[in-house]
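Report on the structure
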Amino acid sequence: MKLKAALIGLVGAVSIQALSGSAGALELTWNPKQDIVGREHRLVAKREYTFVDLGEQYNFGFNELVSANPGVDAWLPAEGDEIVIPGRFILPPGLRNGILINLAEYRLYYFQPDKKRLYTVPIGIGTVDFPTPIMDTKIVTRMKNPTWYPPESIRQRQMDEYGEQLPKAIPAGPDNPLGSYAFKLDADSYLIHGTNKGVGIGMRVSHGCIRLYNWDIKQMMSLVPDDTPVKIINQSVKLAVDDGKLWMEVHAEADVTEQKLREEYTYQLLKLQSTGVSVMVDEEKVTKALAELSGLPSPIGELQPSLAASMSSGS
């Protein structure tokens, strides 16, 4: 479905390819000292369409669009609704040369420090019963038109729940959940792959593998070499300092308690302060961000005046 929408406030370094309705990874300018990238955008719906349509058109996941747009019906937005496209990100901590996956935000980041670029795409992840593991691994090989060999545990579950006997091998084609391309990781049978069901991007849908839109995995095939390191984390609260302010971004499922999120926030704040950063925090803004779970970066405090002055003067 072609979306009839008017973009407003289009600024920043986000690739026009991704915002013009042409599918592809968000390609961002970036340097290793930069912790916040991209720009948030808004569009006005001209007719009814779903967040699944919107996600495929602008290359975002279903859950992140739902979180960024409370009060908008994800399955039947009304004409004239203003919809946030959450294209601004606090980068997750850790690896900055390779692929970094944050399960909490259903998103993959690929860093190219030598080219001062990064690419980011939405992902589908493992279900509660078949979770995607937190791990450090690497890409060992790539496959075109891969065959899927369902593990015995999945074949047994399919029989128990649906009375369906899955074959031991499913060749490339419309019934193959791996799509047309896949990276094999240096970990037990885990893949980063395409899909035959784009509706699952931004959701818990896989048996532990990482799912991408087909156009994204195809693009990653041309960008990412073998032996690229891959780090998978699960961090709901991200903090960063930018332009004299402390920013926070929160991603969480509805069943995650605010107390647990506050504990994670406190831990992240202490880590930041241990690097010598001193900030004045607005507790009301912290509470608001932890309650809203919007997935959008928001300011929650400011650098101490003396530190902010020294940073701006370059001393």
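Residues numbered from 1 in each chain as written. Predicted model: local features only at pLDDT ≥ 70, side-chain atom pairs only at ≥ 80, totals over all residues. Heavy atoms only, no water.

Low-pLDDT stretches of the model should not have their predicted coordinates read in fine detail. Looking at the protein as a whole, the pLDDT averages 86, with 89% of positions reaching at least 70. Every residue in residues 1–22 is under pLDDT 50, and counting partners more than four places away or in other chains gives 62 contacts. (pLDDT = per-residue confidence, 0-100. Contact = heavy atoms within 4.5 Å.)

On to the layout of surface pockets, then. The volume enclosed by the largest pocket comes to roughly 970 Å³. Taken together, 34 residues form the lining of the largest pocket, with Trp148, Ile154, Pro177, His207 and Arg211 sitting closest to its centre. Put simply, the parts of the chain that give the lining of the largest pocket at least two residues each are helix 4 (152–162), strand 13 (191–193) and strand 14 (204–206). Of the residues forming the lining of the largest pocket, the biggest block, six residues, is contributed by helix 4. Looking at the lining of the largest pocket residue by residue, the class counts come to 16 nonpolar, 10 polar and eight charged. (1 Å grid on protein atoms, 1.4 Å probe; cavity = no way out; pocket = protein on both sides within 12 Å on 5 of 7 lines; lining within 4 Å. Points joined across faces, edges and corners; volume = space filled by probe spheres on them. Helix = DSSP H or I, 4+ residues; strand = E, 2+ residues; numbered from the N terminus. Nonpolar A, V, L, I, M, F, W, Y, C, P; charged D, E, K, R; others polar.)

Our focus in this paragraph is the sheet that holds strand 19 (residues 279–281). Across the sheet, four strands lie side by side as 17-18-20-19; this open sheet has antiparallel pairing. With one partner strand each, in any of the chains shown, strand 17 (237–242) and strand 19 form the two edges of the open sheet. Put simply, the sheet's adjacent strands are angled 35° from each other on average, direction ignored. Strand contacts of helix 6 (residues 258–273): strand 17, strand 18 (245–250), strand 19 and strand 20 (298–303), with the helix running at about 35° to strand 17, the strand carrying the most contacts. (Pairing = 2+ DSSP bridges. Axes fitted to C-alpha atoms, helices over the stretch in contact; angles between N-to-C directions.)

Glancing now at the pattern of salt bridges. The tally for this structure, following the rule as stated, stands at 16 salt bridges. Here Asp136 ties to Lys231 by a salt bridge, and the two come within 2.9 Å at their closest N and O atoms. Linking Asp136 in strand 11 (residues 135–144) with Lys231 in strand 16 (residues 229–233), this pair joins segments that are 95 residues apart in sequence. For the salt bridge of Glu161 with Arg157, the shortest nitrogen-to-oxygen distance reads 3.2 Å. Residue Glu161 and its partner Arg157 are located together in helix 4, separated by four residues, close to a single helical turn. With a relative accessible area of 44%, Glu161 lands in the partly exposed category. Connected through shared salt-bridge partners, Glu40, Arg42 and Glu82 make up one network. (Salt bridge = Lys/Arg side-chain N within 4 Å of Asp/Glu carboxyl O. Buried < 20%, exposed > 50% of the residue type's maximum accessible area, 1.4 Å probe, protein only.)

Next up on the list: the environment of Thr228. Here Thr228 shows up in the loop between helix 5 (214–223) and strand 16. When the C-alpha positions of Thr228 and Thr141 are compared, they lie 9.9 Å apart, and in sequence the two are 87 residues distant.

Two measures define how a pair of helices packs: the angle their axes make with one another and the distance between the axes. It is the contact of helix 6 with helix 7 (residues 283–292), at a shortest axis distance of 10 Å, that shows an interaxial angle of 125°. Judged on the interaxial angle alone, helix 7 and helix 6 are oblique. Of the two possible hands of crossing, helix 6 and helix 7 adopt the one that is right-handed. Contacts between helix 6 and helix 7 pair Glu258, Leu261, Arg262 and Tyr265 from the former with Glu283, Val286, Thr287, Leu290 and Ala291 from the latter. A class-by-class count of the residues in the contact of helix 6 with helix 7 yields five nonpolar, one polar and three charged. (Parallel < 35°, antiparallel > 145°, perpendicular 65-115°, else oblique. Left-handed = near helix turned anticlockwise from the far one by under 90°.)

It is worth spelling out the sheet that holds strand 7 (residues 98–102) at this point. The nine strands are arranged 2-9-8-7-16-11-12-13-15 in an open sheet whose pairing can be described as mixed. Edge positions in the sheet fall to strand 2 (26–29) and strand 15 (210–211), since each has one partner strand and no second.

What follows is about helix 2 (residues 51–58). In terms of burial, helix 2 is largely enclosed, as six of its eight residues are buried. Within helix 2, burial applies to Phe51, Val52, Leu54, Gly55, Gln57 and Tyr58. Directly beyond the C-terminal end of helix 2, a positive phi value near 65° is found at Asn59.

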